[in-house]
Amino acid sequence: MRATYRNDEDVARLHIESLLARHRRQVEALPEHLPRLYRRRVARSLAGQVALGGATPVLVTVAAPRFPDLGDLLPGAVTAALLASCALAACAYLAGLYLADARLRRALSLEVQRSGDVHADRARLEAAAPDARLRSMVDAEERRSVALPLTGFVVLAPLLLHLVVYRLLGWSLPWSELFVGFDWWIRASVATVGHVHAVAAYLAFRYARKLRQTATRDLADDPPPGAFCALGYAVLASALPGVALFSLSTIVVALTGASIMPAFAFARYRLLEERRQLGA
């Protein structure tokens, strides 16, 4: 009886070796675009998280003068925090590419790890499907890879755009004076239309959720409303605190919103192309 059991284990071990060889061939045969899609989606998700988190130090530096316990900040600290947040988001994207590779290797290696139970290992290897595993990982990252970067862009892009315009208007100013002057603009923006950023961020997140729920065919032929809807609500929100309609702040919000509207269309286009690649 014991000899029969050992013989069965020997057969299972031989089968495991053949299954491991098959798994290696399947991993090597994975379409090149699948790991690339996964890396890009993870990188966009991480960059979006950092961009959203970058709004926190900007708000802290804006509020610092009202809270002496936070200490005195150097002139230009608010603008520096804004630029640092953008730089960190860019670095997070690059880091996300490497993080995605590590996640992918770990996920595929879990299928071939041995537990000491040859029969359980054989069953797990027989069920292993690297292509299906990778496709499920890419699909699971879809919503985050659209919602987080789009929302982070909507939060930071308006002030960045204003900084570019401010630099063009004050092209002769040294950067130190430019930072100090733009600090005042950021504080004024947060005080008057800071709530508009929150409204736009929510609408961007909701738009990403609609994209996720929309079939690929409908994304191409009948996409959900997003950019114009967000612009309309943002302009309306800018007039809520009692500011007269078509006032300066409302006009600035309208012009800024119109400038970042293409981000919604680009998010839909990027998602549609990725889905087509997945289905190819």
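Okay, so let's go over this structure. (Residues numbered from 1 in each chain as written. Predicted model: local features only at pLDDT ≥ 70, side-chain atom pairs only at ≥ 80, totals over all residues. Heavy atoms only, no water.)

Structural notes on the overall build of the chain
Note the following rule: Each helix is a run of DSSP H or I of at least 4 residues and each strand a run of E of at least 2, with the numbering of both proceeding from the N terminus. The contact criterion used throughout is that any non-hydrogen atoms of two residues lie within 4.5 Å. For accessible areas, the Shrake-Rupley method is used with a probe of radius 1.4 Å. Any residue's cover is judged against the shown protein chains and nothing else.
When you go through the chain residue by residue, the secondary structure sums to 11 helices and zero strands. Mapped in sequence order, the helices and strands of the chain form the string α-α-α-α-α-α-α-α-α-α-α. By sequence separation, contacts in the chain at least 24 residues apart represent 80% of the contacts at least 6 residues apart. When the accessible surface of the chain is split by element, carbon and sulfur atoms take 64% of a total near 15700 Å².

So, the environment of G54
Examined against the element boundaries, G54 turns out to sit in helix α2 (residues 33-63). Between the C-alpha atom of G54 and that of A87, which follows or precedes it by 33 residues, the distance is 9.7 Å.

Describing helix α6 (residues 142-169)
Inclusion rule: Take the number of residues in a helix, subtract one, and multiply by 1.5 Å to get its expected span. Fitting one axis to the seven residues ending at a residue and another to the seven starting there, the bend at that residue is the angle between the two axes.
The end-to-end C-alpha separation of α6 is 40 Å, in line with the 40 Å expected for 28 residues at 1.5 Å each. Along α6, the sharpest kink reaches roughly 35°, centred on L156 and followed within four residues by the proline P158.

Regarding the packing of helix α3 (residues 77-110) against helix α7 (residues 175-213)
Worth spelling out the cut-off: Throughout, an axis means a line fitted to C-alpha atoms (over the contacting stretch in the case of helices), and angles, computed between N-to-C directions, take values from 0 to 180 degrees. Should an angle lie under 35 degrees it is considered roughly parallel, over 145 roughly antiparallel, and from 65 to 115 roughly perpendicular; all remaining angles are considered oblique. Residues are grouped as follows: Ala, Val, Leu, Ile, Met, Phe, Trp, Tyr, Cys and Pro are nonpolar; Asp, Glu, Lys and Arg are charged; all remaining types, including Gly, are polar.
Where α3 meets α7, the closest approach of the two axes is 7 Å, and the angle between their N-to-C directions is 80°. The angle between α3 and α7 falls in the class roughly perpendicular. Counted together, A77, V78, T79, A80, L82 and L83 of α3 and F179, F182, D183, I186 and R187 of α7 form the full contact between these two elements. By residue class, the composition of the contact of α3 with α7 is eight nonpolar, one polar and two charged.

Examining the pattern of salt bridges
Pairing between side chains becomes possible if they bear opposite charge and their charged atoms approach one another. Heads up, the condition is: Whenever Lys or Arg places a side-chain nitrogen within 4 Å of a carboxyl oxygen from Asp or Glu, that contact is recorded as a salt bridge. Relative accessibility decides the category of a residue: with a 1.4 Å probe and only protein chains considered, values under 20% of the type maximum give buried, values over 50% give exposed, and everything between is partly exposed.
Here the structure, examined in full by the defined rule, presents 11 salt bridges. Measuring nitrogen to oxygen at the nearest pair gives 2.9 Å for the salt bridge that ties R275 to E142. In this pair, R275 sits in helix α11 (residues 262-279) while E142 sits in helix α6, placing the two residues 133 residues apart along the sequence. Comparing R275 with E142 shows no difference in burial state: the two are buried. Each of R41, R44, D139, E142, R212, R270, E274 and R275 takes part in a single network of salt bridges with overlapping partners.

Re the packing of aromatic side chains
In plain terms, the rule: For Phe, Tyr and Trp, rings pair up if their centres lie within 6.5 Å, where Trp contributes its six-membered ring, and each pair is then called stacked (planes under 30 degrees apart), edge-to-face (over 60) or tilted (otherwise).
This structure, assessed with the given rule, holds three aromatic pairs. Centre to centre, the rings of W184 and W185 are 6.5 Å apart; their planes meet at 50°, and the pair counts as tilted. W184 sits in the exposed class, given a relative accessible area of 60%.

Comments concerning the side chain of T151
With respect to the element layout, T151 can be found in helix α6. Relative accessible area serves as the criterion here: at 6%, T151 is assigned to the buried category. The contact partners of T151, leaving out residues within four places of it in the chain, are L52, A201, A204 and F205.

A look at the packing of α3 against helix α5 (residues 130-140)
Keep this limit in mind: Here is the rule for handedness: rotate from the far helix to the near one, and if that takes an anticlockwise turn smaller than a right angle the crossing is left-handed, while a clockwise turn gives right-handed.
Where α3 contacts α5, the axes come no closer than 10 Å and their chain directions differ by 140°. By the angle between their axes, α3 is oblique relative to α5. Classified by chirality, the crossing of α5 by α3 is right-handed. For the pair α3 and α5, the contacting residues are R103, L104, A107 and L108 in the first and P130, R133, L134 and M137 in the second. Grouping the amino acids of the contact of α3 with α5 by side-chain chemistry returns six nonpolar, no polar and two charged.

Side note on the nonpolar core
Here is the rule we go by: We call a set of buried Ala, Val, Leu, Ile, Met, Phe, Trp, Tyr and Cys residues a nonpolar core when their side-chain atoms join them within 4.5 Å.
If you look at the biggest cluster of nonpolar residues, it comprises 15 residues, and the most contacted ones within it are V146, L150, V154, L211 and F264. Secondary-structure elements contributing two or more residues to this core are α6, α7 and α11. Counting 14 residues, the second-largest nonpolar core is a separate cluster that includes A55, V78, A81 and A201.

Things to note about the environment of V155
Position of V155 among the secondary structure elements: in helix α6. In this structure V155 touches L52, A55, H197 and A201, once residues within four positions along its chain are discounted.

Regarding the side chain of R275
Our working rule: Residues adjacent in sequence count toward polar contacts only when both atoms are side-chain atoms; beyond that, a polar contact is any pair of N or O atoms within 3.5 Å, and within protein one must be able to donate a hydrogen and the other to accept it.
According to the relative accessible area criterion, R275 is buried, its value standing at 14%. For R275, the side chain forms a polar contact with the main-chain oxygen of R212, separated by 3.3 Å.

Here we look at the environment of L37
Structurally, L37 can be placed in helix α2. Overall, the relative accessible area of 1% leaves L37 in the buried class. Taking C-alpha positions, L37 is 8.6 Å from L278, a pair spaced 241 residues apart along the chain. Aside from chain neighbours lying at most four places away, what touches L37 is V138, E274, Q277 and L278.

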